[in-house]
Number of protein chains: 2
Amino acid sequence: MTYKEMPVEERKALLTQLRGDYAMFQSRGLKLDMSRGKPCTEQLDICMELLDSELITEDVKDSSGFDCRNYGVPFGVPEARALFAELLGVSAENVVVFGNSSLNVMYDLISQFWTHGTGGSAKPWSQQRAVKFLCPVPGYDRHFAILQHFGIDMINVPMTEEGPDIAALTELVADPAVKGMFCVPKYSNPTGITFSDENLRAIAALSPAAQDFRVIWDNAYCVHDLRQQGENLLSILEEAKKTGHEDYFIEVVSTSKISFAGAGISAIAASKNNLAAIQGRIAMQTIGHDKINQLRHVRYFKNADGIRRHMQKHRAILEPKFDAVLHCLERNLAGLGIASWTKPAGGYFISFDVPKNCAKKVCEMCKDAGVVLTPAGATYPKGIDPNDSNLRIAPTFPPNDELETAAELLCLCTKIVALEELR
Amino acid sequence: MTYKEMPVEERKALLTQLRGDYAMFQSRGLKLDMSRGKPCTEQLDICMELLDSELITEDVKDSSGFDCRNYGVPFGVPEARALFAELLGVSAENVVVFGNSSLNVMYDLISQFWTHGTGGSAKPWSQQRAVKFLCPVPGYDRHFAILQHFGIDMINVPMTEEGPDIAALTELVADPAVKGMFCVPKYSNPTGITFSDENLRAIAALSPAAQDFRVIWDNAYCVHDLRQQGENLLSILEEAKKTGHEDYFIEVVSTSKISFAGAGISAIAASKNNLAAIQGRIAMQTIGHDKINQLRHVRYFKNADGIRRHMQKHRAILEPKFDAVLHCLERNLAGLGIASWTKPAGGYFISFDVPKNCAKKVCEMCKDAGVVLTPAGATYPKGIDPNDSNLRIAPTFPPNDELETAAELLCLCTKIVALEELR
């Protein structure tokens, strides 16, 4: 029986009982955090051999003979470019390797387009009349924050179970002011969905009015399976090559959630034209990223299979965490008609939907009982969820026992807020 | 006797002889590089224990208890902020620690001022009518390249032996379009001079018309003495505090030429107002720089004295290199009236001046005999040395025997070009 179908008196009694349960939670003085997609300690512990000095001291030179302790090699050591190329199914010459933050790489891309344009004859975005960006929602708050920082208008595009709504995209890209889109195509943040082949091919075939249209393809979870049978994502650069739209896509990736979240390496894969513009900027910006860390990663993981094997260890740690939350949601909320949630096969998040106008209240109640969630609205541009219904659950960081407690509280708060809303 | 005083016939004979010597050089098939300020292999070798994994595995947490392998701490681990603070004589709260490239830090500063302004009420530089920058010359080519990349007008300011010409600065900063200056205040690139106390205090007392005037104080060689008795540089932030001009200065520093040129850490020291604007940008840009590398550096060097002791080892390697070049210049060119050069007590360069219109020719002749120098003109904005007379000698990277050969060739080419010019 859903809450809606429940007799009013019964609902009233239930609400009283649940409020009692909530008071109990409050008295426990919890201090739990389910707010951010951070790896947990166990995930970091499995990579400590990456720090072995022998990985570097055995040979300080990269495969081209360049001493990686010195200045130079601004586009990344050859073996690191090759490793990311193998991982992404592209050619090494289409890859540039950066420092520890793919977010920084994406910020720099938007900043470059803003001040210098995308390359070729197009004017810098800052000199164009209007600049709009497509934002599949719910999405990643830090993408939106970059766009907001540059004053770029953000247009919500609904996410379907296959990827962003193609009909909406097709219509929107006809506006020449629409300059691009941020995507997390695999195990998307926060829905966990992977763009289907059909959806991805439709994106590769989009015909934007703006020739300086650029999709930042944030493939943050490219090898981050939670289930033995991971989902498959086509290569956007390969598909875009077929449609002649290679220049519209820049793929970004990192080892932040493979090795260390604070000390990994990142990379882009892009077309020759895009690389020319990006490399031109890099040459002004730095004499090279941290090549010792690049070497360290390649020598530790060896190849894409080495990374995939390592990711199985992550899976062993994360699958039970996701299952704990999913089972808790199922146990407490299934059939009540007050919540729905995604069941991702990879990535770092569960997207959780409550009735309209309830997300903020649920978040607030959780906080008042000591459990921090990602703020309601964060999954939408400017923090404005038009329905106030989406919450992002990040199960990776908390220890398992805390996670179950936090999930129990989330369910409880959802019930209370839903019942109050029904009155 | 100078070449000018030499009888014409004697000069002619000498030129013939020197051309013969040059032909001999050419026949040797040299392939030497004195072009960039890169540390040599010996300098990199003395720091290999920085890579010991125990530095991190003994405790993955920083002094605040934060696990440095994870996301977070965007402004640097407390002990790294404290280390740079000690080194620069400022408070740790005025320091932010970044990744491996101080050039990147400086690029990002200019980019930030361009798109978002310096903070407070001033408009972004890109929205102002004109933006000019003061460039003490000769100076560092990569500073000029950043300014050029953003289309900022560059105004040459003569360097004196005390620092940039104060009279010129005073006049120029009265123009509200003059928004700042790049400086290398200690062991300047390429002159090697250190700003005198009087000069530095005069800079701290400048009254620019533009309230969003910002000096990027690139203290790249703050501990890079070549002589036992190093030169002393006052703290610009301390002096600017006294004049109430703290906001006009942002100090930048790195360990690139202390630990590894490709894999060090960098930092800024700045006022509260400047930090507010900079930290606001960083929060959009990254979830944190490489904290493992920050920890590694602090635990290896321990404190500012640890760094200073380490720099004595660099001095032992570099002093003979500089002496080799300086002795060669002295031996070959003293008293001929055709060249002058600086005798730096620190840093990475010797500034070498030849007669007007001769620098390019000297550089070209050296190249044709297999020795690459920094291109003539590189020490001036847009690569235009109005006198075509300055060359930058970078003695650190080549092995000592190659260095002497290269210096000999440089002297020879200088003589030939000067004699040809005198005809």
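One structure accompanies this document, and this report is about it. Computed from a predicted model, the values in this text were never measured in an experiment. (Residues numbered from 1 in each chain as written. Chains lettered and ligands numbered in written order. Predicted model: local features only at pLDDT ≥ 70, side-chain atom pairs only at ≥ 80, totals over all residues. Heavy atoms only, no water.)

1. A short note on empty space enclosed by the protein
Okay, step 1: Counted according to the given criterion, the structure contains 8 cavities of 30 Å³ or more.
Okay, step 2: When its volume is computed, the largest cavity comes out at roughly 430 Å³.
Okay, step 3: Around the largest cavity, the lining is made up of 28 residues, and of these Asn104(A), Gly99(B), Asn100(B), Asn104(B) and His289(B) lie nearest the centre.
Okay, step 4: Elements that contribute at least two residues to the lining of the largest cavity include exactly helix 5 (102-116) and helix 10 (272-285) of chain A together with helix 5 (102-116) and helix 10 (272-285) of chain B.
Okay, step 5: In the lining of the largest cavity, the residues fall into 5 nonpolar, 17 polar and 6 charged. (1 Å grid on protein atoms, 1.4 Å probe; cavity = no way out; pocket = protein on both sides within 12 Å on 5 of 7 lines; lining within 4 Å. Points joined across faces, edges and corners; volume = space filled by probe spheres on them. Helix = DSSP H or I, 4+ residues; strand = E, 2+ residues; numbered from the N terminus. Nonpolar A, V, L, I, M, F, W, Y, C, P; charged D, E, K, R; others polar.)

2. Considerations on the sheet that holds strand 11 (residues 350-353) of chain B
Residue and element names in this part refer to chain B.
Okay, step 1: With antiparallel pairing, 3 strands are arranged side by side in an open sheet as 10-11-13. Strand pairing shows two members of the sheet lacking a second neighbour, strand 10 (340-341) and strand 13 (390-393), which therefore form its edges.
Okay, step 2: Sheet topology places strand 11 next to strand 13; 4 bridges connect them, and they run antiparallel. Paired with Ile350 across the two strands is Ile393, which belongs to strand 13. (Pairing = 2+ DSSP bridges.)

3. Comments concerning the interface of chain B and chain A
Okay, step 1: With 55 residues of chain B in contact, the opposing surface of chain A contributes 55 residues.
Okay, step 2: For the pairing of chain B and chain A, the buried interface totals around 4,400 Å² over both sides, and the portion due to carbon and sulfur atoms is 56%.
Okay, step 3: Of all residues in chain B, Arg69(B), Tyr71(B) and Met284(B) bury the most surface against chain A, accounting for 18% of the area lost on that side.
Okay, step 4: At the boundary of chain B with chain A, the tally comes to 2 salt bridges.
Okay, step 5: At the junction of chain B and chain A, the tally comes to 19 residue pairs in polar contact (both at pLDDT 80 or more). (Contact = heavy atoms within 4.5 Å. Buried area = accessible area lost by both parts, 1.4 Å probe. Salt bridge = Lys/Arg side-chain N within 4 Å of Asp/Glu carboxyl O. Polar contact = N/O pair within 3.5 Å; in protein donor to acceptor, adjacent residues only side chain to side chain.)

4. Thoughts on the relation of the copies chain B and chain A
These two copies of the chain differ by a rotation about an axis and a displacement along the same axis.
Okay, step 1: It takes a turn of 180° to lay chain B on chain A, together with a shift of 0.0 Å along the axis; the resulting RMSD is 0.0 Å. Overall, the copies show the geometry of a two-fold rotation axis. No C-alpha of chain B lies nearer the rotation axis than that of Ser53(B), which sits 2.9 Å from it.
Okay, step 2: Same-surface contact between copies: 100% of interface residues of chain B are shared with the interface of chain A. (Least-squares fit on C-alpha atoms with pLDDT ≥ 70 in both.)

5. Examining the packing of aromatic side chains
Residue and element names in this part refer to chain A.
Okay, step 1: Taken as a whole, this structure holds 22 aromatic pairs over all chains when the rule is applied.
Okay, step 2: Where Phe113 meets Trp125, the ring centres are 5.2 Å apart and the plane angle is 55°; that geometry is what we call tilted. Here Trp125 lies in the loop between helix 5 and strand 3 (132-137) and Phe113 lies in helix 5, a separation of 12 residues in the sequence. Taken as a pair, Phe113 and Trp125 share a single burial class, namely buried. (Phe/Tyr/Trp six-rings, centres within 6.5 Å; stacked < 30°, edge-to-face > 60°. Buried < 20%, exposed > 50% of the residue type's maximum accessible area, 1.4 Å probe, protein only.)

6. Some words on the sheet that holds strand 10 (residues 340-341) of chain A
Residue and element names in this part refer to chain A.
Okay, step 1: With antiparallel pairing, the 3 strands of this open sheet are ordered in space as 10-11-13. Only two strands of the sheet have a single partner each, and these edge strands are strand 10 and strand 13 (390-393).
Okay, step 2: Seen against the sheet, helix 12 (residues 304-333) touches strand 10, strand 11 (350-353) and strand 13 and runs at an angle of roughly 20° to strand 11. (Axes fitted to C-alpha atoms, helices over the stretch in contact; angles between N-to-C directions.)

7. Notes on the nonpolar core
Okay, step 1: In this structure, Trp217(A), Phe249(A), Phe260(A), Trp217(B), Phe249(B) and Phe260(B) are the most contacted members of the largest nonpolar core, which totals 126 residues.
Okay, step 2: Apart from the residues lying within four places of it in its own chain, the contact partners of Phe260(A) are Leu44(A), Cys47(A), Met48(A), Leu50(A), Leu51(A), Thr255(A), Arg69(B) and Ile292(B).
Okay, step 3: Residues Ala220(B), Ile338(B), Ala359(B) and Ile416(B) belong to the second largest nonpolar core, which totals 57 residues. (Core = buried A, V, L, I, M, F, W, Y, C linked by side-chain atoms within 4.5 Å.)

8. Quick notes on the pattern of salt bridges
Oppositely charged side chains can pair when the atoms bearing their charge come close.
Okay, step 1: Scanning all chains against the criterion turns up 32 salt bridges over all chains.
Okay, step 2: Of the charged contacts in the structure, one is a salt bridge between Asp108(B) and Arg281(B), with a shortest N-O distance of 3.6 Å. One end of the pair, Asp108(B), is in helix 5; the other, Arg281(B), is in helix 10, with 173 residues separating them in the sequence.
Okay, step 3: Given the relative accessible area of 10%, Asp108(B) is considered buried.
Okay, step 4: With a shortest N-O distance of 2.8 Å, Asp175(B) and Lys132(B) are connected by a salt bridge. Of this pair, Asp175(B) sits in the loop between helix 7 (166-172) and strand 6 (178-183) while Lys132(B) sits in strand 3 (residues 132-137), placing them 43 residues apart in sequence.
Okay, step 5: Through salt bridges with shared partners, a single network forms among Arg227(A), Arg315(A), Glu319(A) and Asp323(A).

9. Some points on the pairing of strand 7 (residues 214-218) of chain B
Every regular strand shows the same layout, with side chains that alternate between the two sheet faces.
All names here are of chain B.
Okay, step 1: Most of strand 7 is tucked away, with 5 of its 5 residues classed as buried.
Okay, step 2: In this sheet, strand 7 lies alongside strand 6 in parallel orientation, the contact comprising 4 bridges. In the strand pairing of strand 7, Gly180 is matched with Arg214.
Okay, step 3: Considered for its hand, the β-α-β crossover made up of strand 6, helix 8 (residues 197-204) and strand 7 is right-handed.
Okay, step 4: One ladder, built from 4 bridges, connects strand 7 with strand 8 (residues 249-254); its direction is parallel. Bridge assignment links Val215 to a residue of strand 8, and that residue is Phe249.
Okay, step 5: For the crossover from strand 7 across helix 9 (residues 236-243) to strand 8, the handedness is right-handed. (Right-handed = clockwise from strand over helix to strand, strands pointing away.)

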